[in-house]
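Structural overview for review
The residues making up each chain are set out below.
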Amino acid sequence: MTQATELDATAAETGANATKVFQAKAKAPTAGTNQERVAELATEVLAAIHDVIRRHELTYSEYDALKAWLIKVGQDGEWPLFLDVFIEHAVEEVVNADRPGSKGTIEGPFYVPGAPRADGEVTLPMRADEAGTPLLFRAHVRSRDGASLPGAQVEVWQADDAGFYGQFAPGIPEWNLRGVVIADADGTVTIRTIQPVPYQIPHDGATGQLIAAAGWHAWRPAHLHFKVVAAGHQLLTTQLYFAGGEYISNDVASAVKPELMLHLKPAADGNGNEVSYDFVLARA
Ligand SMILES: [Fe+2]
């Protein structure tokens, strides 16, 4: 029997993993809510749905299609995927509207806490034959007043050259292309990795059915994910993209912002490309 590779990834399997990871980190569903707030939000969400039904004169066959689809999203474990792709960007926008410093964007469904830690200048964990163009990423982490933040923690996670994440597709080592890098005395980190490529979100399940039925596409532009934090500062969850890259202007997850662009240039050592970025953290 041949071993499954990442190319055998299915939306149901990826979704099941994303659901498990989310449930491990999530609080109980009712934590932090009060009755008034629940009533207000739930009433308005239902009213918005009723309004769409009335304005578009929904038929029973459309109502049944919706029910069947909602059931399938749950059965495939695709709620984290669907919500993070189509809803999270609005939440992030509202929550971080007034936060100064570098822009954040969505976390998405593929973050896993507990990646291996290393200091200052590192190569992300990767396979000996990891495909892709080498990328050297340098970042300076500073406070809004300009002070460097030595000891800041820069956590990175990314898809591989075929567009898959470790722990969400079969055959990829557990912590492949994931790591937590601690900034040096100057507040800088230097990370050697491979250049991410655009990928389609898992689309052979319920989320993909909706995308196909609506004639949308499932692509995200190439990106690196980050969580950056330092003592006395707020956690920044963000993604960085490559200026001029495909799907920058029509990301399926609506998570691109103009402030989040990297500008590729050939690496000084002739090995692939290099980029740099300043992470500016807001005080806690
Ligand atoms: Fe991603």
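So, how was this worked out
- Residues numbered from 1 in each chain as written.
- Predicted model: local features only at pLDDT ≥ 70, side-chain atom pairs only at ≥ 80, totals over all residues.
- Heavy atoms only, no water.
- Helix = DSSP H or I, 4+ residues; strand = E, 2+ residues; numbered from the N terminus.
- Rg over C-alpha atoms; globule rule 2.2 N^0.38 Å.
- Buried < 20%, exposed > 50% of the residue type's maximum accessible area, 1.4 Å probe, protein only.
- Areas by Shrake-Rupley, 256 points an atom, 1.4 Å probe, with all protein chains shown as cover.
- Lys, Arg positive; Asp, Glu negative; His and termini not counted.
- Charge placed at Lys NZ, Arg CZ, Asp CG, Glu CD.
- Axes fitted to C-alpha atoms, helices over the stretch in contact; angles between N-to-C directions.
- Parallel < 35°, antiparallel > 145°, perpendicular 65-115°, else oblique.
- Contact = heavy atoms within 4.5 Å.
- Core = buried A, V, L, I, M, F, W, Y, C linked by side-chain atoms within 4.5 Å.
- Phe/Tyr/Trp six-rings, centres within 6.5 Å; stacked < 30°, edge-to-face > 60°.
- Lys NZ or Arg CZ within 6 Å of the ring centre and 35° of its normal.
- UniProt positions renumbered as here; feature names shortened; annotations may be inferred.
- Nonpolar A, V, L, I, M, F, W, Y, C, P; charged D, E, K, R; others polar.
- Donors = N, O, S within 2.8 Å, 3.2 Å for Na, K, Ca; no water.
- Tetrahedral: all angles 85-135°; square planar, octahedral: opposite > 155°, others 65-115°.

What follows covers the overall build of the protein. Helices and strands together make up the secondary structure of the protein, namely six helices and 13 strands. Over its C-alpha atoms the protein spans a radius of gyration of 20 Å, differing by no more than 12% from the 19 Å that the globule rule assigns to 284 residues. Based on the C-alpha atoms only, the size of the protein along its principal axes is roughly 65 × 55 × 35 Å. Here the protein holds 284 residues, and the buried ones make up 42% of them. Summed over its atoms, the accessible surface of the protein is roughly 15200 Å², and 56% of this surface lies on carbon and sulfur atoms. The protein carries 22 positive and 36 negative side-chain charges, and their two centres are separated by 5 Å.

Our next topic: the packing of helix α3 (residues 60-75) against helix α6 (residues 206-214). At a minimum axis distance of 8 Å, the contact between α3 and α6 shows a crossing angle of 140°. Considering the angle they form, α3 stands oblique to α6. Contact residues: α3 offers Trp69, Lys72 and Val73, while α6 offers Ala206, Thr207, Gln209 and Leu210.

Attention now goes to the nonpolar core. Counting 49 residues, the largest nonpolar core has Phe137, Ile191, Phe226 and Phe279 as the members making the most contacts within it. Those residues in contact with Phe226, other than ones at most four positions away along the chain, are Phe137, Val154, Glu155, Val156, Trp157, Leu236, Thr237, Thr238, Leu240 and Phe279.

Now for the packing of aromatic side chains. Throughout the structure, instances matching the rule amount to 15 aromatic pairs. Seen from their ring centres, Phe82 and Phe86 are 5.2 Å apart, and the 40° between their planes marks the pair as tilted. Of this pair, Phe82 and Phe86 both sit in helix α4 (residues 79-86), four residues apart, roughly one helical turn. What makes Phe86 partly exposed here is its relative accessible area of 21%. The rings of Trp69, Trp79, Phe82, Phe86 and Trp216 are connected pair by pair, giving a single aromatic cluster. Of note, Lys227 hangs over the ring of Tyr111, and the distance from its end group to the ring centre comes to 4.9 Å.

Taking the UniProt record as the reference, the feature "domain: Intradiol ring-cleavage dioxygenases" (unreviewed entry) is found at residues 106-281. Within the segment residues 106-281, helix and strand shares are 5% and 36% respectively, and the terminal C-alpha atoms sit 17 Å apart.

Turning next to the packing of α4 against α6. Packing of α4 against α6 brings their axes to within 9 Å, and their N-to-C directions diverge by 45°. One element, α4, and the other, α6, form an angle in the oblique class. Where α4 approaches α6, its residues Leu81, Phe82 and Phe86 are matched on the opposing element by Thr207, Leu210 and Ile211. Considered class by class, the residues forming the contact of α4 with α6 number five nonpolar, one polar and no charged.

Moving on, we get to the coordination of the iron ion. Around the iron ion, the donor atoms from the protein are Tyr165 (OH), Tyr199 (OH), His223 (NE2) and His225 (NE2), and they sit 1.9 to 2.2 Å away. Note that the iron ion binds four donor atoms; their angles at the metal cover 90 to 164°, and the shape is irregular.

At Leu177, a position not held by glycine, the phi torsion is positive, near 55°. Looking at the secondary structure, you find Leu177 in the loop between β4 (153-157) and β5 (178-182). Owing to a relative accessible area of 1%, Leu177 belongs among the buried residues under this scheme. Backbone geometry places Ser254, a non-glycine residue, at a positive phi of 50°. Take Ser254: its relative accessible area is 42%, and that puts it in the partly exposed class.

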